[in-house]
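Residue-level listing of the chains:
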Amino acid sequence: MASFPGRHSRHLLGLQGMTPDQIEPLLDLAESYALLNRSRKVPRDVLRGRTLINLFFEDSTRTRTSFELAGKRLGADVINMSVAQSSVNKGETLLDTAATLNAMQADLLVVRHSQSGAPALLAQKVEACVVNAGDGTHEHPTQALLDALTIRRHCGGFGGLTVAICGDVAHSRVARSDIHLLTTMGCKVRVVGPPTLVPGGFKSLGVEVFHTMEEGLRGADVVMMLRLQRERMSSGQIPSAREYFRFYGLDQRRLALANKDALVMHPGPMNRGVEIDSLVADSDQSVIQEQVEMGVAVRMAVLDRLTRSRHSA
Ligand code: NCD
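Residues numbered from 1 in each chain as written. Predicted model: local features only at pLDDT ≥ 70, side-chain atom pairs only at ≥ 80, totals over all residues. Heavy atoms only, no water.

For the protein, an unreviewed UniProt entry supplies the name Aspartate carbamoyltransferase and the organism Acetobacter cerevisiae. Recorded under Catalytic activity (unreviewed entry), the UniProt text for the protein is reproduced unchanged: "carbamoyl phosphate + L-aspartate = N-carbamoyl-L-aspartate + phosphate + H(+)". Recorded under Subunit (unreviewed entry), the UniProt text for the protein is reproduced unchanged: "Heterododecamer (2C3:3R2) of six catalytic PyrB chains organized as two trimers (C3), and six regulatory PyrI chains organized as three dimers (R2)." (UniProt positions renumbered as here; feature names shortened; annotations may be inferred.)

Here you go:
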C-alpha cells in the first residue's frame, strides 16, 4: 500500500513499498521540525485555515495527543472526535461516519481503528487526506517513521545496523511498519519472541526469526521492545506475565548481550516488569522519551507534506 508521498497520493496509509528516496526527505523535514520545536520557533501558518479531525476508534495516549499538538503547532483547527460519545455507538457505519465528516469539509482525517484496512476504506470515500494512526495488526506508519528518525539521530544512518524487534510481533502493527521501513533503509532486522507470538512466516518479510532473547540480542545495535497486545490475543498464547518476563523480558543482563551502547526503544505504552525492566527503560541507553518527542516532529512533517501534495495536485 505505497501511497505516500507518491505524486498522485494525498494519503499516508502504510509504508510497504515506499522507497528510500521517499523516506529520507520526510525524515529530513521531521528533523527540521524537531529543531524548530526545541527552539519554539514553529511557523504557525503552514496549516492555517485547515481542519484536522482525530478519529480514534481505539485507545491512544501518545499518538492522538501528538497529532493534536502537531496540527495545532502548525496552525490547524483540530477536533478530537471521541468515538465513545459519537453516533458510532448508535450503530452508524464507518462509511456513514465518513460521509458526515466529508460534508464538514475536513482537510485531514487521522484514523485509528481495530480493523486492518479501515483507514484505506475511508480514504476511498472522503475528500480529506487520510493518515493511518494504526489499523488492527496491519500498519502504524507514523510510529515507524518516528522510530527511524530516533535511530538516525543516534546512529547517523541505517546501513549495516542490526535491529532486534522483540516480543508480541504477531499482533503488532508497529512491528510490521518498522520491518517495511528499516529493511528498505538497509538495516538487518530480527524478530525475537516465542513461536506463538513470532511465527516463522515473518521470514517472508525479509527478517531473521529468533525464539530466544539470548540468540536474538547478540550483536544488536537497536533493541526495540513491544507490548503484549492482550486485547488482540486468543487465550493460551502466553503462559503468565511473570513467566513471559522470565524468558522474554528485557533486563540489564540480557541487554548486555547486545552491542555496547545499543539503543533501547519502546513505542509505549510500556508494561514494566512484563516486557521490560524499569532499570533498562529508565537507563541512559533508553531513547523512549526521545521517541515521543520525535513523534510530534514526524507528525508535523506528515501533515505538512500531505496538505502540500493535496493542494499542488
Ligand atoms: C502502539 C499501537 O497502538 O499500535 N502504540 C502507539 O501507538 N504508541 C503499540 C501498542 O499499543 O502497544
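Q: Sorry, what's going on with the UniProt feature "domain: Aspartate/ornithine carbamoyltransferase Asp/Orn-binding" (unreviewed entry) in the protein here?
A: Residues annotated in UniProt with the feature "domain: Aspartate/ornithine carbamoyltransferase Asp/Orn-binding" (unreviewed entry) correspond here to residues 160-304. Secondary structure content for residues 160-304 is 34% helix and 14% strand, and the end C-alpha separation is 31 Å. (Helix = DSSP H or I, 4+ residues; strand = E, 2+ residues; numbered from the N terminus.)

Q: Looking at this model, I keep getting lost on the sheet that holds strand E3 (residues 108-113). Mind explaining?
A: The strands making up a sheet associate through hydrogen bonds between their backbones, and the pairing can be parallel or antiparallel. Strands sit in the order E2-E1-E3-E4 across an open sheet of 4 strands; the sheet is parallel. The strands lining the two open edges of the sheet, one partner per strand, are strand E2 (77-82) and strand E4 (129-135). Each adjacent strand pair in this sheet contributes to an overall mean axis angle of 15°, direction not counted. Two elements, strand E1 (residues 51-56) and E3, share 5 bridges in a ladder whose sense is parallel. What sits directly across from Phe56, in E3, is Arg112. (Pairing = 2+ DSSP bridges. Axes fitted to C-alpha atoms, helices over the stretch in contact; angles between N-to-C directions.)

Q: I tried to follow the site of the ligand on my own but got confused; where do I start?
A: Near the ligand you find Thr63, Arg112, His140, Gln143, Arg173, Val174, Arg227, Gln229, Pro267, Gly268 and Pro269, and these make up its full shell. Here an oxygen atom of the ligand sits 3.0 Å away from a polar atom, N or O, in the side chain of Thr63. With respect to the ligand, the backbone of Pro267 contributes an N or O atom lying 2.9 Å from a nitrogen atom. Protein contacts shield 94% of the accessible area of the ligand, which totals 320 Å² for the unbound molecule. Per-class residue counts for the shell around the ligand are 3 nonpolar, 5 polar and 3 charged. (Near = heavy atom within 4 Å. Polar contact = N/O pair within 3.5 Å; in protein donor to acceptor, adjacent residues only side chain to side chain. Areas by Shrake-Rupley, 256 points an atom, 1.4 Å probe, with all protein chains shown as cover. Nonpolar A, V, L, I, M, F, W, Y, C, P; charged D, E, K, R; others polar.)

Q: How do you make sense of the nonpolar core when you look at a structure like this?
A: As a rule of thumb, nonpolar side chains are buried together in soluble globular proteins. Core analysis: the largest hydrophobic core is formed by 62 residues, its most contacted members being Leu145, Phe158, Ile165, Leu181, Leu182, Val191 and Val302. For this core, the element with the highest residue contribution is helix H11 (residues 288-312), accounting for 9 residues. What Val302 contacts, discounting residues up to four positions off in sequence, is Leu12, Leu26, Val131, Thr142 and Leu145. (Core = buried A, V, L, I, M, F, W, Y, C linked by side-chain atoms within 4.5 Å. Buried < 20%, exposed > 50% of the residue type's maximum accessible area, 1.4 Å probe, protein only. Contact = heavy atoms within 4.5 Å.)

Q: How should the sheet that holds strand E7 (residues 208-210) be read in this particular structure?
A: Taken in spatial order, the 5 strands line up as E7-E6-E5-E8-E9 in an open sheet, and their pairing is parallel. The open sheet is flanked by E7 and strand E9 (263-265), the only strands paired with a single partner. Neighbour-to-neighbour, the strand axes of the sheet open up by a mean angle of 20°, direction not taken into account. For strand E8 (residues 222-225) and E9, the ladder comprises 3 bridges, and the chain directions are parallel. The residue bridging Met224 from the neighbouring strand is Met265, located in E9. Taken strand by strand, helix H5 (residues 141-155) contacts E8 and E9, and its axis lies near 165° from that of E9.

Q: Before we go on, may I ask you to explain helix H6 (residues 173-184) in this structure?
A: Residue pairs spaced three or four apart in an α-helix point in one direction, given the helix's 3.6 residues per turn. Between its first and last C-alpha atoms H6 spans 17 Å; for 12 residues at 1.5 Å apiece the expected length is 16 Å, and the two agree. Along H6, the residues classified as buried are Arg173, Val174, Ala175, Arg176, Ser177, Asp178, Ile179, His180, Leu181 and Leu182. Of the residues flanking the start of H6, the one acting as N-cap is Ser172, its side-chain oxygen 3.3 Å from the backbone nitrogen of Val174. Looking one or two places after H6, you find Gly186, whose phi comes out positive at around 100°. (Expected span 1.5 Å × (residues − 1).)

Q: Even after reading the chapter, I still don't get the pairing of strand E5 (residues 162-166), so can you show me in this structure?
A: Remark: a regular strand shows side chains that alternate across the two faces of the sheet. When you tally the buried positions in E5, you get 5 out of 5 residues, the bulk of the element. Residues Thr162, Ala164 and Cys166 of E5 are buried on one face, and the alternating residues Val163 and Ile165, pointing to the opposite face, are buried as well. Across 5 bridges, the pairing between E5 and strand E6 (residues 188-192) is parallel. Opposite Ala164, over in E6, you have Arg190 as the bridge partner. Where the polypeptide runs from E5 across H6 and back to E6, its parallel neighbour, the crossover connection is right-handed. As defined by bridge partners, E5 adjoins E8 across 4 bridges and the pair is classed as parallel. Residue pairing across strands places Val163 opposite Val222, the latter belonging to E8. (Right-handed = clockwise from strand over helix to strand, strands pointing away.)

Q: Explanation requested: helix H3 (residues 94-103) in the structure shown.
A: Leu94, Thr97, Ala98 and Leu101 are the residues of H3 that are buried. Buried positions in H3, seen along its axis, are confined to an arc of 105° and lie on one side of it. Where the residues of H3 are buried, they touch E1, E2, E3 and helix H4 (118-125). Where H3 ends, the next residue or the one after it, Gln105, has phi of about 55°, a positive value. (Arc of directions from axis to C-beta.)

Q: It is not clear to me how the state of the cysteines should be interpreted in this structure. Could you clarify?
A: Working definition of a disulfide: a covalent bond connecting the sulfur atoms of two cysteines. Applying the stated criterion across every chain yields a total of 0 disulfides. With no disulfide of its own, Cys155 lies 8.3 Å from the sulfur of Cys187, the closest cysteine sulfur. Assessed through its relative accessible area of 32%, Cys155 is described here as partly exposed. In this structure Cys187 comes out as buried when scored by relative accessible area, which is 7%. (Disulfide = S-S within 2.5 Å.)

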